[in-house]
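Listed below, chain by chain, are the residues.
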Amino acid sequence: QKVTRSESSQAKKSQHAEEAIFYMNCRAAYLTVFKSSLENIKSKEQLSLVLQQAGRNPSQKTVDKYWTSQMATLNFDDFCNILKKEKPATKTELLEAFRKIDTDNTGYILHDELYKILTTRGEKMTWDEVNTITKQADFNCGGKLDYNKFCDLYMTTSEQCCKTAREKLEVDSRLRQQQFGSQAETSSEGITLPVSKPSPRISRKTDHELAPTKGDNRSPSRPSSAQSCKASISTTITMGASSKRNTKLIEPHTMKEWQCAQSKGCFYLEEDGEIINHKYKLHLPQRSTVCITIKPFSVRQVEGKSCHWLSVDTALYILKENETQENLQLVSFTEQQNKEMFGWKGELGSGVYWLLPFTTGCRLKKVKSQVMVEAKLVYRDEDGELALSEEFRATLLDIFETIDLDGNGLLSLEEYNFFELRTSGEKCDEEAWAVCKENFDMKKNELTRQGFMDLNLMEANDREGDPSDLWVTLLSLGYNKALEMTEACPFVIDIYAEKCKPKIKAMYLEAGSSQLNRAICKSVVNKGEAKVMDGCENIIVYTYKTGRRITSVIENKSENKVIIHVNNEQSKNCLSNRGLTVFAVEVAPKSMMVSQHVMPLNEQEEWLYNCVHSIL
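Just so you know, these numbers come straight off a predicted model, no measurement behind them.

With that out of the way, let us pick up the overall build of the protein chain. Of regular secondary structure, the protein chain possesses 15 helices and 26 strands. The burial tally for the protein chain puts 50% of its 616 residues in the buried class. Taking all contacts inside the protein chain whose residues are at least 6 apart in sequence as the whole, residues at least 24 apart take part in 72%. Carbon and sulfur atoms form 48% of the exposed surface of the protein chain, whose accessible area is close to 30,800 Å².

Strand order in this open sheet of four strands is β4-β26-β22-β24, and the pairing throughout is antiparallel. The open sheet has two free edges, formed respectively by β4 (231-239) and β24 (582-587), since each of these has just one partner strand. In this sheet, neighbouring strand axes are inclined to one another by 20° on average, regardless of whether the strands run parallel or antiparallel. Two strands pair when backbone bridges link them, and β4 and strand β26 (residues 607-615) are joined in this way by nine bridges, in the antiparallel orientation. Across the sheet, T236 pairs through a bridge with N610, a residue of β26.

The UniProt record annotates "domain: EF-hand" (unreviewed entry) at residues 89-124. Overall, residues 89-124 shows 58% helix and 8% strand. The separation of its end C-alpha atoms is 20 Å.

Considering soluble globular proteins, one finds that nonpolar side chains tend to be buried as a cluster. Within the largest apolar cluster, 70 residues are counted, with the highest numbers of intra-cluster contacts made by I292, L355, I399, L447, F452 and I493. Looking at which element gives the most residues to this core, the answer is strand β17 (residues 488-497), with seven residues. Mapping this core onto the domain boundaries places at least three of its residues in each of domain 4 (252-258 + 269-365 + 496-512) and domain 5 (378-486). Filtering out sequence-adjacent residues up to four positions away, I399 remains in contact with F419, F452, L474, L477 and Y479.

This part takes up helix α7 (residues 127-134). Regarding α7, the residues found buried are V130, I133 and T134. Across the axial projection of α7, the buried residues extend over an arc of 90°, all falling on one side.

The buried fraction of helix α11 (residues 413-423) is high, at nine of eleven residues. Among the residues of α11, L413, E415, Y416, N417, F418, F419, E420, R422 and T423 are the ones counted as buried. One or two steps after α11, the chain reaches G425, where phi turns positive at roughly 80°.

What follows concerns the pairing of β17. Taken across its ten residues, β17 has nine buried, putting it largely inside the fold. Bridge count for strand β5 (residues 259-269) against β17 is ten bridges, and the pairing is antiparallel. Bridge pairing links G265 to F491 in β17. Taken together, the seven bridges between strand β7 (residues 288-296) and β17 define a ladder with antiparallel strand orientation. Following the sheet pairing, K295 is matched in β17 by V492.

What follows concerns the environment of I292. Examined against the element boundaries, I292 turns out to sit in strand β7. In sequence terms I292 and Q262 are 30 residues apart; their C-alpha atoms lie 9.8 Å from each other. Apart from the residues within four sequence positions on either side, I292 is in contact with L282, L316, I318, T334, F342, G343, W344, L348, L355, I493, D494 and I495.

Parameters and conventions
- Residues numbered from 1 in each chain as written.
- Predicted model: local features only at pLDDT ≥ 70, side-chain atom pairs only at ≥ 80, totals over all residues.
- Heavy atoms only, no water.
- Helix = DSSP H or I, 4+ residues; strand = E, 2+ residues; numbered from the N terminus.
- Buried < 20%, exposed > 50% of the residue type's maximum accessible area, 1.4 Å probe, protein only.
- Contact = heavy atoms within 4.5 Å.
- Areas by Shrake-Rupley, 256 points an atom, 1.4 Å probe, with all protein chains shown as cover.
- Pairing = 2+ DSSP bridges.
- Axes fitted to C-alpha atoms, helices over the stretch in contact; angles between N-to-C directions.
- UniProt positions renumbered as here; feature names shortened; annotations may be inferred.
- Core = buried A, V, L, I, M, F, W, Y, C linked by side-chain atoms within 4.5 Å.
- Domains from an automatic or database assignment.
- Arc of directions from axis to C-beta.

Set out below in structure tokens:
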């Protein structure tokens, strides 16, 4: 046990060290372009330049992905998140790209061929730009480019760029102090790190100001070690093992005569870590006592394969629709727990309500496990005809169960379109659905399980057995190459009403909305414990605990944005949705935002939440 604890401690220290180095490199690159890490990126050109300083070589497509037409600014947090996603090119990757052109594997590419490729393909270069490359004596000779030497020089230049930025940061003591938190007050493994999720991207007049401390005095924009962490709040909560926290949501016998409505749905994990899911409308024809529950949906479980999604936390926020959809009123949320089920029981008036599912992201997150053997999706039978493998057929049946939202064993056009939007980004119209009806098994204008199987087989036949498109579908639905669902969590919502027949309908499949974020903040403010930050009465931290989750919300009542440092290093057996032990949160003026959600790493053991929120 001592050895295990020692290894765990070493691994934790190593992770902290890697994080510290990563954010030091981020800060070094940022401060070669900007005077302070509190300054914002205000143009595409600045974004491209600061990415180059970090050793990246972004294409226009990459820059456009992060700088959209609606973008006003990007902050340092956003920049760090971009660098996490856009890894620097390796020498191996560069050589592979060149070898696709050099089919004879000579190690050289003729200048004529290089001109043709670079000026006609992809993001086309000008002749002058290509001339700049071909005139470099270091890797050109006799009308040919030595791409091995070119790659060596590229890697050296990139590394030198990062090294120069780091050296500048080390030498310049003024720059060294411009960081999120004071390095003098923390160890290298506890260095304060930026938030893992971008803060709101809006233009503000106070970009160069920090929130006021006590009274009306305003802090300058460049924090020094003397100013660091003047005000703070510490919160400590000890939570028992999950077995002690199960409560009876509702007595089953009391609902025998109640009318029920049900709908399934799913949380899907995007490449950037964002979570998208179904959103619902609930219609109650008259006032009634209702019970609303949500829990992970248990599809087929295969021996030897993990059922990761069953441990994912779920919640449901209930909002009342008023005259405008933009002005939804929070009614309540599912805070009562019975094992993996969360629910709410109360009285609702007649009318339309929105049901917004939510998961913290503590358990549903990107996994790094490497699949050694790729599952076989299709094969050719004795007659040479394509067929779906048994394992793939079983997976398709699981997918069918998940996307069959009303659970009637058939796919309506609406249900199928949620599937299409997730996997291809397009919808199937009535005309295309009529064609499906002619070619695939349907009942009452809805696709059967067999029809769904045949549809996927047709896709395989269209590509002559190439499973590439099938894998695109599977990966977008959260499956890995071993056909394990690791990046999705299907769920089921049940609504029981005592006096009327409730109706539920899935309306959208999208990421968490501002309405959901406001609902989460409001629920924590209404039910959580409030603590005013010592020395800064404009900053309040609210902490709310349920049996399985702790959520903290920061309210900034001041006229200026603030940078709040969050430190969880003293917590034990805890898992934060931020993915970091120490991070920073930027809170806009006169606003609230979620600081973090925390859950137990091991639910069978006691867990200690010890969090310190500090302000510069």
